[in-house]
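# Structural features, examined
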Amino acid sequence: MKAIRRFTVRPVLPDSLRPLSDLARNLRWSWHAETRDLFQSVDPECWAASGGDPVRLLGSVPPARLTELAGDRRFLRRLDAAAGDLNDYVTGVRWYQAQSAELPAAVAYFSPEFGITAALPQYSGGLGILAGDHLKAASDLGVPLIGVGLLYRHGYFRQSLSRDGWQQEHYPVLDPNELPVVQLKEADGTPAQVSLALPGGRSLRARIWLAQVGRVPLLMLDSDVEENDLGERGVTDRLYGGGSEHRLLQEMLLGIGGVRAVRTYCRLTGHPEPEVFHTNEGHAGFLGLERIAELGERGLEFDAALEAVRAGTVFTTHTPVPAGIDRFDRELVARHFGPEAELPHIDVERVLRLGMESYPGGEPNLFNMAVMGLRLAQRANGVSLLHGQVSREMFAGLWPGFDAEEVPITSVTNGVHAPTWVAPEVLRLGAREIGAQRAEDALTIGGSDRWDAVRGISDQEVWDLRRDLREQLVVEVRRRLHASWRQRGAGAAELGWIDGVLDPDVLTIGFARRVPSYKRLTLMLRDRDRLMDLLLHPEHPIQIVVAGKAHPADDGGKRLVQELVRFADDPRVRHRIVFLPDYGMAMAQKLYPGCDIWLNNPLRPLEACGTSGMKAALNGCLNLSVLDGWWDEWFQPDFGWAIPTADGSGMDPDHRDDIEAAALYELLEQRVAPRFYERGQHGLPDRWIEMVRETLALLGPKVLAGRMVREYVERLYTPAAHAHRAMTPAAAGELAAWKTRVRAAWHGVSVDHVETATATASAELGTTLVLRVRVGLGGLGIDDVEVQAVSGRVDSEDRITDAATVPLKPTGGPDLEGRWVYEGPLSLDRTGPYGYTVRILPAHRLLASGAELGVVAVPSEEPGAGAGVLMR
């Protein structure tokens, strides 16, 4: 029989055990081994049955066991120590508090998903895991961050397989009362809420749930409240579900409702108000509109409010392809804003203008969330060096007249939260080598270029550790494979073969990620006979563990999963290749440490960063990857292998895949597998072990989320906070008026003539030329612009590469025609083909970049216009 109503019955803990509740409600337990060990000792069987979730554990422990623990002095001492350690962690001075710079009082970090722990399933893939790691690293560093997201009642889907290998989705209902979250309440005890106005006089209300991630509060909005109509209750039903309007409402609730939730939280708790708002991908872009509306209520005009909001906003794009960005029909967005809907005091046309693709190549009727995010943020970044370059090219249309390299989008390469992803056995080995505190600091704060202490660990210890982790993975794979086959309808008598799946002494390759086509799940299947030979090689066999989910609406991705599953079902190879359904954090934490090789073969350059290989590297797993994302930036042959890319122009996709698959097979046959099985004089694979050491010593410090968050603080958050403080209402009004004046006058700005002190077509290294430039400023003053000489090597099409800029100075007042003459030196500091030009940019003390307005004046390319001298 099915229940007509559901309750959550909470245990009543004896007074002496009350700290257990506090420890369970702070998600630091998810990355703090001592706290997890304490919970496991409460009741090992219940701990296993709860999936390592302390909240579920405490709800299932028999009262008699709680009474027994309440009188166990040894347990109470451990509990007191754990509670004291958590208190020290959340209140003590950490890296951020020890900095001398004027850092932000607080930062609000918005993301549509957060992967903190499997016990809070509010993530689908890399974006959410990255957001979770960002919060954890911020907590470890003491950064005063407030996370903002949505609480999805079904989370992302759970994946299983049909008998014929087709992906099936299941959406379990999540009861917030059974999750490690608490409801934010007003002073009178009523639930705190935010509300959005909808067309037709309706409202969308949401409660605010709080997940405490160490020192960092994570606010999660939940629309499943009785005051809402049925449609509005379903807005936060599932992650990335529904049609366009459903997604739009989710993103309005995240951005606009999220700002309101932050204001409510700060009012109720006294937490400092954020000076910086960080938009993690375009989904939360509407937060800027809400902040403009807030300033409008204080009397600021729209343009001035826009400048004030931009100053304190950071936007991070994770998407290397336009198809990966949320875009909405113009009319749909217009219907949800204005007098009859949300933000009634902002002109709907102003809202639309922020997101419309009003640039060459854009779709003029589509509202682009990433475009809005960029227009509402003074600082923006991609998530690896290569992705920063791809993003500058992808969004160059927003800054016409500038080369892609000058588009103001920088990059901060992602990192991963080591305490979450490093196996306890690896941590213990490191702690034994350098001490527990130094090991913890190295993994959380980072800061060193190398972990040289790794070199002190003996070859035998490294190899024993790697085999132990591989053996644990074999046990885990067999358990999960058995459960999967039972779900697929197999009887117990059919599954004896699973006891022989994988071998703890065979080279083990991992491949686990979402399954969009560009990640090429099935590239390894291009030549099945060759793959089969690799799996069954008599001397150098390999074994492969694969996992991944296709989006529920992506039948193409599901076909890839089915193709892989059917190959793995073949009785000839099923002991050497497995597909594990329902990839998530719990599986990943076993998979990364247990693999010897982490395989990644996306289409370059479509992998923005790809952090799974970082997690593997922190456990001594070597990477075998296409040079994309972070691997393009940090690859060295000392600690891994690069799969060659077939990137010739006009390459047929099938032919390209054939070439790259053949390169992958060759690497495995000729270099990877032989090195794993090659034995030195002591019977150990010396060269392989050295590569493991180099991975840990050289890659380890780079891939940390602590390094990433410190870069955000130093390079983006702190400059944004300073810009926010400088942008007083008067300054914002001044800047807005100045931009309006400059844009209106820019058509009259021109470079009329350029001359130098030499007329030859060649010059000697070290020569300094004197440039004289005659310019028209179109009614602007000399303080409104900067005239620059731009010089550097030139390519075969006379385009300047590796450009250097030098500001030129006016030599006096305007002439009778109102023209100005600028002069300055040009040093010829490089040999070879060399060229220069001159340009005029807007200049103002409150601009973050000369490209910010997207306008520039350059010499005419017509003959005789004096565009510059080319020296070869």
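Only a predicted model underlies this, so the values are computations on that prediction, with no experimental measurement involved.

## Quick look at the overall build of the chain
Counting its secondary structure elements, the chain contains 28 helices and 28 strands. In summary, the chain has a C-alpha radius of gyration of 29 Å against a globular reference of 29 Å for 872 residues, a match within 12%. Taking all 872 residues of the chain together, the buried fraction comes to 57%. Partitioning the contacts of the chain with sequence separation of at least 6, the portion at a separation of at least 24 is 73%. As displayed, the chain offers around 35,400 Å² of accessible surface, 50% of which is attributable to carbon and sulfur atoms. Within the chain, one finds 95 positive and 117 negative side-chain charges whose respective centroids are separated by 4 Å.

## Section: a positive patch on the surface
A cluster of like positive charges, contributed by Arg-73, Arg-74, Arg-77 and Arg-78, occupies part of the molecular surface. Following the sequence through the fold, Arg-78 ends up in helix α6 (residues 73-91).

## Remarks on the nonpolar core
Formed by 107 residues in total, the largest nonpolar core has its most connected members in Met-524 and Trp-688. Ignoring any residue separated from it by four or fewer positions in sequence, one finds Met-524 in contact with Phe-511, Leu-531, Ile-544, Val-546, Leu-564, Ile-577, Leu-599 and Tyr-665. Counting 101 residues, the second largest nonpolar core, distinct from the first, contains Leu-196, Leu-204, Phe-328 and Leu-808.

## Topic: the sheet that holds strand β16 (residues 542-547)
Within a sheet, each strand pairs with its neighbour through backbone hydrogen bonds, oriented either parallel or antiparallel. What the six strands build is an open sheet, ordered β17-β16-β15-β18-β19-β20; its pairing is parallel. Each end of this open sheet is capped by a strand with a single partner; those strands are β17 (577-580) and β20 (640-643). When the angles between neighbouring strand axes are averaged without regard to direction, this sheet yields 20 degrees. Pairing between strand β15 (residues 507-512) and strand β18 (residues 597-600): two bridges, direction parallel. Pairing of Ile-509 across the sheet is with Ile-597, part of β18. Running over the sheet, helix α19 (residues 459-487) touches β15, β16 and β17 and is turned about 60 degrees from β17. Strands β16 and β17 of the sheet are contacted by helix α20 (residues 528-535), whose axis makes an angle of about 115 degrees with β16.

## Observations concerning the packing of helix α10 (residues 287-297) against helix α11 (residues 302-311)
Here α10 crosses α11 at 125 degrees, and the two axes come no closer than 9 Å. The pairing of α10 with α11 is recorded here as oblique in orientation. Where α10 crosses over α11, the two elements pack in a sense that is right-handed. Only Phe-302, Ala-305, Leu-306, Ala-308 and Val-309 of α11 make contact with α10, whose side of the interface consists of Gly-288, Arg-291, Ile-292 and Leu-295. Tallied by class, residues from the contact of α10 with α11 come to seven nonpolar, one polar and one charged.

## Notes on the sheet that holds strand β26 (residues 820-827)
Taking strand neighbours across the sheet as the criterion, the four strands line up as β21-β22-β26-β25 in an open arrangement whose pairing is antiparallel. Sheet topology places β21 (749-756) and β25 (809-810) at the edges, where each strand pairs with a single neighbour. In this structure, β25 lies alongside β26, joined through two bridges in antiparallel fashion. Looking at the pairing, Pro-810 lines up with Tyr-822 of β26.

## Considerations on the pairing of β18
Each regular strand displays side chains that alternate between the two surfaces of the sheet. Side chains Ile-597 and Leu-599 project from β18 onto one buried face, and the interleaved Trp-598 and Asn-600 project onto a second face that is buried too. Direction of pairing for β18 relative to strand β19 (residues 622-626): parallel, over a ladder of four bridges. Across the sheet, the residue bridging to Asn-600 is Ser-625, located in β19. For the segment spanning β18, helix α23 (residues 612-617) and β19, crossover handedness is right-handed.

## Considerations on unusual backbone geometry
Negative phi values dominate among residues other than glycine, just as trans dominates among peptide bonds. Cis geometry marks the peptide bond from Arg-604 to Pro-605; its omega dihedral reads 5 degrees. Considering the arrangement of structural elements, one finds Pro-605 in the loop between β18 and α23. A positive phi is found at Glu-281, a non-glycine position, where the angle reads about 75 degrees. Locating Glu-281 in the fold gives a position in the loop between β9 (276-280) and α10. Take Glu-281: its relative accessible area is 7%, and that puts it in the buried class. Phi angles above zero are rare outside glycine, and Leu-502 is one such case at about 65 degrees. Inspection of the secondary structure puts Leu-502 in the loop between α19 and β15.

## Quick notes on the packing of α11 against helix α28 (residues 729-745)
Where α11 meets α28, the axes come as close as 8 Å, and the angle between the chain directions of the two elements is 110 degrees. With respect to each other, α11 and α28 are oriented roughly perpendicular. Between α11 and α28 lies a crossing of right-handed hand. Mapping the contact onto sequence places Asp-303, Ala-304, Glu-307, Ala-308 and Arg-310 in α11 and Ala-732, Gly-733, Leu-735, Ala-736, Lys-739 and Thr-740 in α28. Residues that form the contact of α11 with α28 fall into these classes: five nonpolar, two polar and four charged.

## Observations concerning the confidence of the model for the chain
Confidence in the prediction of the chain, expressed as mean pLDDT, is 92, and 97% of residues score 70 or more. This model gives residues 863-872 a pLDDT under 50, and the stretch forms 34 contacts once residues within four places in sequence are excluded.

## With respect to the side chain of Arg-215
Tracing the chain through its elements places Arg-215 in the loop between β7 (203-213) and β8 (216-222). For the buried Arg-215, no salt bridge is present, and the opposite-charge side chain at shortest range is Asp-140, 8.5 Å distant. In this structure the side chain of Arg-215 is engaged in a polar contact, spanning 2.9 Å, whose partner is the backbone oxygen of Tyr-89. Residues within four places of Arg-215 in sequence aside, it is in contact with Tyr-89, Val-90, Thr-91, Gly-92, Arg-94, Gln-97, Ser-139 and Gly-142.

What counts and what doesn't
- Residues numbered from 1 in each chain as written.
- Predicted model: local features only at pLDDT ≥ 70, side-chain atom pairs only at ≥ 80, totals over all residues.
- Heavy atoms only, no water.
- Helix = DSSP H or I, 4+ residues; strand = E, 2+ residues; numbered from the N terminus.
- Rg over C-alpha atoms; globule rule 2.2 N^0.38 Å.
- Buried < 20%, exposed > 50% of the residue type's maximum accessible area, 1.4 Å probe, protein only.
- Contact = heavy atoms within 4.5 Å.
- Areas by Shrake-Rupley, 256 points an atom, 1.4 Å probe, with all protein chains shown as cover.
- Lys, Arg positive; Asp, Glu negative; His and termini not counted.
- Charge placed at Lys NZ, Arg CZ, Asp CG, Glu CD.
- Patch = residues over 30% accessible without salt bridge, like charges linked within 9 Å, V, L, I, M, F, W, Y side chains within 5 Å.
- Salt bridge = Lys/Arg side-chain N within 4 Å of Asp/Glu carboxyl O.
- Core = buried A, V, L, I, M, F, W, Y, C linked by side-chain atoms within 4.5 Å.
- Pairing = 2+ DSSP bridges.
- Axes fitted to C-alpha atoms, helices over the stretch in contact; angles between N-to-C directions.
- Parallel < 35°, antiparallel > 145°, perpendicular 65-115°, else oblique.
- Left-handed = near helix turned anticlockwise from the far one by under 90°.
- Nonpolar A, V, L, I, M, F, W, Y, C, P; charged D, E, K, R; others polar.
- Right-handed = clockwise from strand over helix to strand, strands pointing away.
- pLDDT = per-residue confidence, 0-100.
- Polar contact = N/O pair within 3.5 Å; in protein donor to acceptor, adjacent residues only side chain to side chain.

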